[in-house]
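Descriptive analysis of the structure
Each chain, letter by letter, is given below.
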Amino acid sequence: MARRRREFWTAICCLAPSAVVITAFHLWPLLYAAWVSLHDWGIKQGPLVGLANYREALGSAKWWQSLGVTGWYVLGTVPATLLLAYLIAELLNRPLRGRSFYRVLFFTPYIVSPVAAAAVWRGLFSRVSLPVNHWLVAHGWQINESGIWLIEPRGLFQWIAEAHGASVPSWAHGPSLALCCIMVVAIWTNLGFATVVLLGGLSQIPTEVLEAARLDGATGWRLRRQIIWPLLSPVLFFLLIVFVIRAFQAFSQIYVLTGQNDLLGTTSTATYYIWQEAFQSGGKGPGFGSAVAYLLFVMVLALTWLQFAVLGRRVHYGSGE
Amino acid sequence: MIAWWRRHDLGTHLLLLPLGLLMAAPFLWMLGTSLKTFEETTNLWPWPAVPQWQNYAEAWRAAPFGRYFLVSTVTAAAVTASVVLTGLLGGYSFGALRWRGQQTVLGVYLATMMVPFEVILIPNYLIVQKLHWIDRFPALIVPWAANVFSVFLVTQAFRSLPKDFREAAMLDGCGHWQYLWRIAAPLVAPSLATAAIFAFLGSWNSLLWPVIVLNSERMRTVEMGLSSFLQEEGASLHLLMAGSVVALLPVLLVFLAMQRRFIEGLAAGLKG
């Protein structure tokens with residue numbers, strides 16, 4: 001009994017340091033944010049205003065625009081990253097010479113600082129877009145201004161249509177060219193992470209299972225559809241959830257790539273918008289910012305739940321026993 | 001011929017090499033541009049006629065990078081050390097000991113992983129402001145001094161240690177602390193290393209939080225320095241790239257030195 005009690009107190013002492021930090025800076029702020037969001041809170045705490053901040057956010061065109069931008073960002077980055085990563089992982093999942101070299105090569109963008117990476121990409125885009133535009137013009141595209149893509153607020157579909165002398169309604173403009181550039185950088189960054197995780201998933205499929213399936217005559221696409229993809233589905237599902245959540249948090253790349261330019265808000269994702277409103281001069285302050293952050297939290301939670309509800313059932317867990 | 005082609009997986013390499021080159025291209029371009037003269041930066045050809053090594057000295061002088069490096073290094077080192085320590089202690093508590101309410105507390109811990117960063121950003125700023133930590137090291141370090149991911153990683157490692165191990169050590173008169181430091185810590189070292197690398201990278205590469213809690217010229221991280229260098233009008237491309245190389249180098253070296261452990265630790269950590 002005495003030993004039990006001693007063990008209890010040891011456990012509490014061991015847990016205390018992390019518990020203090022996590023309570024003070026992760027749990028408590030969650031409640032605090034809710035409290036702040038109910039106030040007219042600019043530079044200083046103002047009066048309680050109830051749900052006014054939420055109402056204002058829901059009526060704000062900029063907020064809805066930032067959600068639209070985020071939506072394009074998710075659609076433009078997540079499927080492409082997963083598809084490319086799967087392709088690479090399957091190519092690497094065999095006794096190949098230089099396997100670890102490739103692994104490091106693909107993974108490196110994930111660890112380098114987003115700011116330095118963005119600096120490089122900004123330079124690259126500014127040097128590459130002019131010659132490519134020239135080339136496009138030479139091949140029958142009519143581009144009125146051969147602008148730099150990264151500071152181009154026109155939508156992708158709009159840009160393509162205009163280059164061919166057509167026009168599209170404003171709801172079909174698509175993501176701005178600048179946002180497309182950001183998406184390229186995002187895919188480049190996350191590809192290595194997804195590849196490594198998928199490679200881990202592929203290498204965990206027991207070789208006996210694959211052998212048995214091959215003996216039964218399953219090869220190529222049938223082997224993939226009936227054995228590999230179902231067994232890989234938990235990993236794919238995990239990556240999908242993580243990448244969607246992360247896409248909603250995108251900040252550094254946008255801050256550095258297009259932060260200073262006024263692109264009519266076409267690259268302001270939801271998190272960037274929250275930062276602008278809460279911390280930039282001219283923003284509406286912490287009260288409004290917290291309300292928007294909570295709205296975003298609820299939306300991400302709902303989206304995650306939706307993914308679990310729609311896809312979760314089709315994910316194959318365990319060894320099928 | 002076909003057999004030879006097959007044996008060396010040439011088809012696979014033919015697909016992987018161009019993709020790999022695309023991934024590496026930005027780095028090569030950065031390196032090339034950082035060594036160009038100002039006139040050469042408008043060329044499309046990525047490599048200079050004569051490498052201009054003095055660009056690095058010039059970029060280093062263009063902003064107080066020495067100071068930025070000091071701020072970033074102190075912050076990253078302190079965060080990494082305390083994440084390892086709190087992770088080891090927390091992991092021991094969850095993974096090796098048995099106590100009432102353990103599962104509930106672990107559940108609360110794991111639930112906080114779902115809390116998105118942007119929700120706690122504003123209140124954390126207000127808390128840091130109330131504590132008068134703005135523009136000071138505690139603001140950069142304390143909120144990140146422990147994280148659930150590391151605690152969980154080490155918990156999993158402790159769980160995979162054989163039970164009788166600890167019993168035997170205890171019977172030999174080994175106390176909790178002695179067991180933890182002398183015997184258990186080396187056994188869970190791989191998980192601690194993974195936690196350390198993630199903590200270091202997360203701290204070194206973060207931008208949003210430092211931008212919010214720091215506002216003086218004296219307190220700036222490398223990331224902030226580089227990003228304001230980047231946003232200055234008229235900063236020339238070759239110097240910018242030299243600055244980027246300088247900012248990238250520490251992290252890149254750490255990663256290349258530990259890449260095996262890092263990539264495998266990541267895969268192992270996700271399995272748990």
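Definitions and cut-offs
- Residues numbered from 1 in each chain as written.
- Chains lettered and ligands numbered in written order.
- Predicted model: local features only at pLDDT ≥ 70, side-chain atom pairs only at ≥ 80, totals over all residues.
- Helix = DSSP H or I, 4+ residues; strand = E, 2+ residues; numbered from the N terminus.
- Rg over C-alpha atoms; globule rule 2.2 N^0.38 Å.
- Contact = placed C-beta atoms within 7 Å.
- Buried ≥ 20, exposed ≤ 12 C-beta atoms within 10 Å, placed from the backbone.
- Axes fitted to C-alpha atoms, helices over the stretch in contact; angles between N-to-C directions.
- Parallel < 35°, antiparallel > 145°, perpendicular 65-115°, else oblique.
- Left-handed = near helix turned anticlockwise from the far one by under 90°.
- Nonpolar A, V, L, I, M, F, W, Y, C, P; charged D, E, K, R; others polar.
- Domains from an automatic or database assignment.

Considering the overall build of chain B
Within chain B, the secondary structure is distributed over 14 helices and 0 strands. Element order for chain B, N to C, with α for helix and β for strand: α-α-α-α-α-α-α-α-α-α-α-α-α-α. Over its C-alpha atoms chain B spans a radius of gyration of 24 Å, topping by over 25% the 19 Å that the globule rule assigns to 272 residues. Relative to all contacts within chain B whose residues are 6 or more apart in sequence, the contacts with residues 24 or more apart total 78%.

Observations regarding the overall build of chain A
Of regular secondary structure, chain A possesses 12 helices and 0 strands. Written out in order from the N terminus, the α and β elements of chain A read α-α-α-α-α-α-α-α-α-α-α-α. Relative to its full complement of 321 residues, chain A shows a buried share of 40%. Put simply, of all contacts in chain A between residues at least 6 apart along the chain, 69% involve residues at least 24 apart.

What to know about unusual backbone geometry
All names here are of chain B. Although it is not a glycine, His132 adopts a positive phi angle of roughly 60°. Looking at the secondary structure, you find His132 in the loop between helix 6 (117-130) and helix 7 (137-141). Note on His132: 10 C-beta atoms within 10 Å, which makes it exposed. Not every positive phi belongs to a glycine, and Asp135 is a case in point at roughly 70°. Tracing the chain through its elements places Asp135 in the loop between helix 6 and helix 7. Asp135 gets classed as partly exposed once you count the C-beta atoms within 10 Å, which come to 15.

Considering the packing of helix 5 (residues 114-138) of chain A against helix 13 (residues 222-231) of chain B
Running from amino to carboxyl end, helix 5 of chain A crosses helix 13 of chain B at an angle of 20°, the nearest separation of the two axes being 9 Å. By the angle class used here, helix 5 of chain A and helix 13 of chain B are roughly parallel. Both helix 5 of chain A and helix 13 of chain B take part in a crossing whose hand is left-handed. For the pair formed by helix 5 of chain A and helix 13 of chain B, the contact residues are Val115(A), Ala116(A) and Ala119(A) on the first element and Glu223(B), Leu226(B), Ser227(B) and Leu230(B) on the second. Taken together, the residues of the contact of helix 5 of chain A with helix 13 of chain B sort by class into 5 nonpolar, 1 polar and 1 charged.

Quick look at the environment of Phe297(A)
By the secondary structure assignment, Phe297(A) is in helix 12 (residues 286-311). For the pair Phe297(A) and Phe248(A), spaced 49 residues apart in the sequence, the C-alpha separation amounts to 9.5 Å.

Structural notes on the interface of chain A and chain B
Frequently, the measure chosen for interface size is the accessible area removed from exposure when the parts meet. Taken together, the contacts link 64 residues of chain A with 66 residues of chain B. At the level of elements, helix 1 (2-37), helix 3 (61-92), helix 4 (99-111), helix 5, helix 7 (177-203), helix 10 (252-257), helix 11 (270-279) and helix 12 of chain A are the ones that each hand at least two residues to the side of chain A that touches chain B. By residue class, the composition of the side of chain A that touches chain B is 49 nonpolar, 12 polar and 3 charged.

Things to note about the domain arrangement of chain B
All names here are of chain B. According to the domain assignment, chain B consists of domain 1 (13-52) and domain 2 (64-271). Of the residues lining the interface, 7 residues belong to domain 1; the matching set on domain 2 comes to 7 residues. Considered class by class, the residues forming the side of domain 1 that touches domain 2 number 3 nonpolar, 3 polar and 1 charged.

Quick word on the packing of helix 4 (residues 65-95) of chain B against helix 11 (residues 189-205) of chain B
Residue and element names in this part refer to chain B. Where helix 4 meets helix 11, the axes come as close as 8 Å, and the angle between the chain directions of the two elements is 145°. Every pair of crossing elements has a handedness; the one defined by helix 4 and helix 11 is right-handed. Here helix 4 contributes Ser72, Thr75, Ala76, Val79, Thr80, Val83, Val84, Gly87 and Leu88 to the contact with helix 11, which in turn contributes Leu192, Ala195, Ala196, Ala199, Phe200, Ser203 and Trp204. Across the contact of helix 4 with helix 11, the residue classes tally to 11 nonpolar, 5 polar and no charged.

A few points about the environment of Val69(A)
Residue and element names in this part refer to chain A. Residue placement: Val69 occurs in helix 3. On a C-alpha basis, the gap between Val69 and Ser176 in space is 8.9 Å, while along the polypeptide they are 107 residues apart. Setting aside chain neighbours within four positions, we find Val69 in contact with Leu179, Thr266, Thr267, Ser268 and Thr269.

Side note on the environment of Arg4(A)
Among the secondary structure elements, Arg4(A) is positioned in helix 1. On a C-alpha basis, the gap between Arg4(A) and Tyr272(A) in space is 50 Å, while along the polypeptide they are 268 residues apart.

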